Amino acid sequence: MTSILAKKPKKMKLKGLKTLGQQLLSSRAHINNLPLLLGFISPSSPPPHVLESLLSLQSFFTTVLADLPPSQSSKKRRRIDDSAKQDPEFIYRTWLRSKFDEFVTLLIEVLISPDTEDALREIVLDSFMEFVKLGNGGSFYSSIYHKLLRSIVNSPTPVDFLSELLALKYFKYIDVRYFTFISLEKLSKALDTKDTAGDETAGGDGDSRSQSRESMELSICKIHYIISHIPPLEGNDGKSEYEMWSGSGLPSNEEHDKKKLSKAQKAEDKGWKAEKQTNTVLSPASIAKKMKLKFTKAWISFLRLPIPVNVYKEVLATLHQAVIPHLSNPIILCVMALSSLFILMTQHGLEYPNFYEKLYALLSPSIFMAKHRAKFFQLLDSCLKSPLLPAYLAAAFAKKLSRLSICVPPSGELVIIALIHNLLRRHPSINCLVHKEDGDENEEDKNDSGSEKRPGFDHFNSEESNPIKSNAMRSSLWEIDTLRHHYCPPVSRFVLSLENDLTVRSKTTEMDIKDFSSGSYATIFGDEIRRRVKQVPLAFYKATPTSLFPESDFCGWTFKYEGSNEIKEQKTVEEDDASTKRQRIEC
């Protein structure tokens, strides 16, 4: 033993290295062999030595990892009293935890090193993913997996073979995809923050800024490669079963509740815990929903980065098939694309004949609940500002917004009123929609049989995606008139602004959409309670009411009352019968 320890790690033969591993696995007395074996996990070590050390260390840590405390950087690390810190067993396990963290770091160095052979890199990746599978008490070890992806993305050299291995062998597992999306979202946000900070401190050396830009572009290319090689979720019907890498599956919504359990609750029967864990397994439909949400967040975070031109070309070529159909809310991407198209059309002379048709198709009730609705409504108002906009287009947008006012919350109705106000003021030719009556229809309003349409018939086709064919000019804004009786006072007050003659531009002004685009129930309620009211409608009574409803509300109705009133009615009936008998006798 002493002869083996006396040798330098680099000069040790493979047979002696194997002996170190066997001794480590046989008894705790040989625990000092652990640092020696870790010394061979290095890109500069011979591949056979790395492989032999890896096999011994993997066998050792697999058996003891479940009993180790959390790492120093883990958020799950609990506060430990001084007596426990002085316990020799605790000190031993804490030391083992530090060595395992060192082991993980060394494995990542071997994986991302350009000097590592491809065959060895594949074996090391398989061993690493085994710890990801089992290293967190049987659950997916997301922290070390995130550390691996972060090292791949931030590596100064390309690691194409490692990314290919990861995609080829492990992206078929649904939980690996899930945590990959989470890590890529975090890495994209970190790069975005780094880019913003770099722009604010751009007064440094030009060479350093250039190197930083090249490093960021390389990282963005790596993120794009990984996120684009994650296969789309099969079985969107929510009925297909998904293959998991870790036996615990995806985290459920109850994990946050488990952290708040008291000590008494944590000490319950193990069988009960096992039964509860079995019952909280997510269904395929829940998995599909969670995956779509993580997919959306990862892609949106990536698309906000300063993507290089070559990556942009690849993204735009596959975005409509590989990304948009799988987003939880595609309107977010539509808003981002709308902003770019508007700049290209107004500042760079881009001709896009289907622009207004695509914009018209975006008008749906869901847009009023979208996260980026404020930006969308401001862009919508800017796109409809041109005085050269044809009357049929202005009428189509006004009528579509008017129809949406029936099924959106009050905050959305305020935005709709402001948008229609601006449309009527900018385009006087569509003011006929405000004052049109049934008698204004012409011969075109007759159907195929020659008979006229019934009174109150609306020619507007709300299901038509083409604004030209929507027949908006033959309709009216009758939906806006119903808002005069809306239950929300701000809506019923604001709609009165459309009663003014908006064709007189000198006496009216445009509405600022920004003031209404971010509204909600909370903002409306806050504005209403801060509003000073001069007169308040009240009901006055000269005397205290004896009933909930007055008799005038029920004309022609009679009611029988219990108690004394019933007795009075009975006496009245008896007196009437007696008088009738007297009349008969007298006769």
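Residues numbered from 1 in each chain as written. Predicted model: local features only at pLDDT ≥ 70, side-chain atom pairs only at ≥ 80, totals over all residues. Heavy atoms only, no water.

Looking at an unreviewed UniProt entry, the protein carries the name CCAAT-binding factor domain-containing protein, with the source organism given as Gossypium raimondii. The UniProt entry for the protein carries the following comment under Subcellular location (unreviewed entry): "Nucleus membrane". Quoted verbatim from the Sequence similarities (unreviewed entry) field of UniProt, the annotation for the protein is "Belongs to the CBF/MAK21 family." (UniProt positions renumbered as here; feature names shortened; annotations may be inferred.)

Q: For this particular structure, what's the right way to read the overall build of the protein?
A: Summing up its helical and strand segments, the protein has 26 helices and zero strands in all. Here the protein, with 587 residues, has 38% of them falling under the buried criterion. Across the protein, the fraction of contacts at a sequence separation of at least 24, relative to all contacts at a separation of at least 6, is 74%. Carbon together with sulfur atoms contributes 53% to the accessible area of the protein, which is approximately 35,600 Å² in total. (Helix = DSSP H or I, 4+ residues; strand = E, 2+ residues; numbered from the N terminus. Buried < 20%, exposed > 50% of the residue type's maximum accessible area, 1.4 Å probe, protein only. Contact = heavy atoms within 4.5 Å. Areas by Shrake-Rupley, 256 points an atom, 1.4 Å probe, with all protein chains shown as cover.)

Q: What is the right way to look at empty space enclosed by the protein in this model?
A: Gaps left between atoms show up when a probe the size of a water molecule is rolled over them. For the structure on display, the rule yields two cavities of 30 Å³ or more. Here the largest cavity is characterised by a volume of approximately 110 Å³. Forming the walls of the largest cavity are 11 residues, and the residues nearest its centre are Pro232, Leu233, Met291, Phe295 and His326. Looking at the lining of the largest cavity, the elements with two or more residues in it are α10 (174–200) and α15 (284–303). (1 Å grid on protein atoms, 1.4 Å probe; cavity = no way out; pocket = protein on both sides within 12 Å on 5 of 7 lines; lining within 4 Å. Points joined across faces, edges and corners; volume = space filled by probe spheres on them.)

Q: I would appreciate a short explanation of the packing of aromatic side chains in the present structure.
A: Centre-to-centre distance and the angle between the planes together describe a pair of aromatic rings. All chains considered together, the criterion is met by 19 aromatic pairs. For the ring pair Phe61 and Phe103, a centre distance of 5.5 Å and an interplane angle of 15 degrees mean the geometry is stacked. Here Phe103 lies in helix α6 (residues 88–112) and Phe61 lies in helix α4 (residues 47–64), a separation of 42 residues in the sequence. A residue is classified by how much of its surface remains accessible, and Phe103, at 0% relative accessible area, is buried. When the centroid spacing of 6.4 Å and the interplanar angle of 80 degrees are considered together, the rings of Tyr356 and Phe397 count as edge-to-face. Here Phe397 lies in helix α20 (residues 391–404) and Tyr356 lies in helix α18 (residues 355–361), a separation of 41 residues in the sequence. Through pairs of rings, three or more aromatic residues link up here, namely Phe60, Phe61, Phe100, Phe103 and Phe131. Sitting above the plane of the Trp245 ring, Lys133 keeps its charged end 4.7 Å from the centroid. (Phe/Tyr/Trp six-rings, centres within 6.5 Å; stacked < 30°, edge-to-face > 60°. Lys NZ or Arg CZ within 6 Å of the ring centre and 35° of its normal.)

Q: Is there a simple way to think about the pattern of salt bridges in this case?
A: A side chain with one charge may pair with a side chain of the opposite charge, provided their charged atoms come close. Inspection of every chain in the model, using the stated rule, returns 19 salt bridges. Between Asp126 and Lys169 there is a salt bridge, with its nearest N and O atoms 2.9 Å apart. Of this pair, Asp126 sits in helix α7 (residues 118–134) while Lys169 is found in helix α9 (residues 160–170), placing the two residues 43 residues apart along the sequence. For Glu499, the salt bridge identified is with Arg484, shortest N-O distance 3.7 Å. You can see Glu499 sitting in the loop between α24 (489–494) and α25 (521–529) and its partner Arg484 sitting in the loop between α23 (478–482) and α24, a full 15 residues away along the chain. Assessed through its relative accessible area of 51%, Glu499 is described here as exposed. One network of salt bridges, with partners in common, ties together Asp381, Arg425, Arg426 and Glu510. (Salt bridge = Lys/Arg side-chain N within 4 Å of Asp/Glu carboxyl O.)

Q: Whenever I open this one, the side chain of Lys99 confuses me. Can you help?
A: Locating Lys99 in the fold gives a position in helix α6. Given the relative accessible area of 16%, Lys99 is considered buried. Among residues more than four places away in sequence, those in contact with Lys99 are Leu34, Leu38 and Phe61.

Q: Please explain unusual backbone geometry as it appears in this structure.
A: A negative phi holds for most residues other than glycine; trans holds for most peptide bonds. Even without being a glycine, Asn471 presents a positive backbone phi close to 60 degrees. Tracing the backbone through its elements, the reader meets Asn471 in the loop between α22 (432–435) and α23.

Q: When you look at a nonpolar patch on the surface in this model, what are you seeing that I'm missing?
A: A cluster of nonpolar residues, Leu548, Phe549, Phe554 and Trp557, forms a patch on the protein surface that exposes about 520 Å² of accessible area. In this fold, Leu548 is placed in the loop between α25 and α26 (564–586). Residue classification places Leu548 among the exposed positions, given a relative accessible area of 74%. (Patch = residues over 30% accessible without salt bridge, like charges linked within 9 Å, V, L, I, M, F, W, Y side chains within 5 Å.)

Q: Would you explain the packing of α20 against helix α21 (residues 410–426) in this entry?
A: A pair of packed helices is captured by two measures, namely the crossing angle of their axes and the spacing between those axes. Where α20 meets α21, the axes come as close as 10 Å, and the angle between the chain directions of the two elements is 160 degrees. Relative to α21, the element α20 lies roughly antiparallel. Crossing geometry of α20 relative to α21 is assigned as left-handed. Along its contact with α20, which presents Ala394, Phe397, Ala398, Leu401, Ser402 and Leu404, the element α21 presents Ile416, Leu419, Ile420 and Leu423. Per-class residue counts for the contact of α20 with α21 are nine nonpolar, one polar and no charged. (Axes fitted to C-alpha atoms, helices over the stretch in contact; angles between N-to-C directions. Parallel < 35°, antiparallel > 145°, perpendicular 65-115°, else oblique. Left-handed = near helix turned anticlockwise from the far one by under 90°. Nonpolar A, V, L, I, M, F, W, Y, C, P; charged D, E, K, R; others polar.)

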